[in-house]
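# Coordinate analysis (summary)
Each chain, letter by letter, is given below.
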Amino acid sequence: MTTTPVFLLGLKAKLFRGLADPSRLAIVLALRAGEKTVSQLVAETGLSQPNTSAHLACLRDCGIVRSRQQGRYVFYALACDEFHAILDAADTLIDRLGDPIAACPRYTRDNS
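Here's a quick rundown of the structure. (Residues numbered from 1 in each chain as written. Predicted model: local features only at pLDDT ≥ 70, side-chain atom pairs only at ≥ 80, totals over all residues. Heavy atoms only, no water.)

### Here's the deal with the sheet that holds strand 3 (residues 73-78)
Stated precisely, the cut-off is as follows: Whether two strands pair comes down to DSSP finding at least two bridges between them. For helices the rule is a DSSP run of H or I covering at least 4 residues; for strands it is a run of E covering at least 2, with both sets numbered from the N terminus onward.
Taken in spatial order, the three strands line up as 1-3-2 in an open sheet, and their pairing is antiparallel. Two strands lie at the open edges of the sheet, namely strand 1 (36-37) and strand 2 (65-70), each paired on one side alone. With six bridges connecting them, strand 2 and strand 3 associate as antiparallel partners. Across the sheet, Gln70 pairs through a bridge with Tyr73, a residue of strand 3.

### Observations concerning the nonpolar core
Let me state the cut-off plainly: Residues grouped as a nonpolar core are buried Ala, Val, Leu, Ile, Met, Phe, Trp, Tyr and Cys residues, joined through side-chain atoms within 4.5 Å. A 1.4 Å probe rolled over the protein chains alone gives each residue an accessible area, and that area as a share of the maximum for its type sets the label: buried under 20%, exposed over 50%, partly exposed in between. What makes two residues a contact is simply this: any of their non-hydrogen atoms within 4.5 Å.
In this structure, Ile27, Val28, Leu31, Leu56, Ile64 and Val65 are the most contacted members of the largest nonpolar core, which totals 16 residues. Look past the residues within four positions of Leu56 in its chain and what remains in contact with it is Ile27, Val38, Leu41, Val65 and Tyr76.

Listed below in structure tokens is the structure:
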């Protein structure tokens, strides 16, 4: 794998873009507690089943989640423990910077 600073910067940006989508982030946060089926994710996130499945395919293709089949069910989980550290760090940052982040006019749903 190429490890130039520009290449690594692009990879990090791609990772954060993947997590920036509210639907994908809701799925990742739901999987924080452990593996779940699509039906469980639909119930927990409020997303439709087709939307959830599409986002899970994206997250799986990017290596963020993994899946395993058990009988007729497919279970999804975070692909590695480091995602827990990222989510924990985000919680800490929100505790410290939540007000200015909420007030920031630059990153809204309309212009993200």
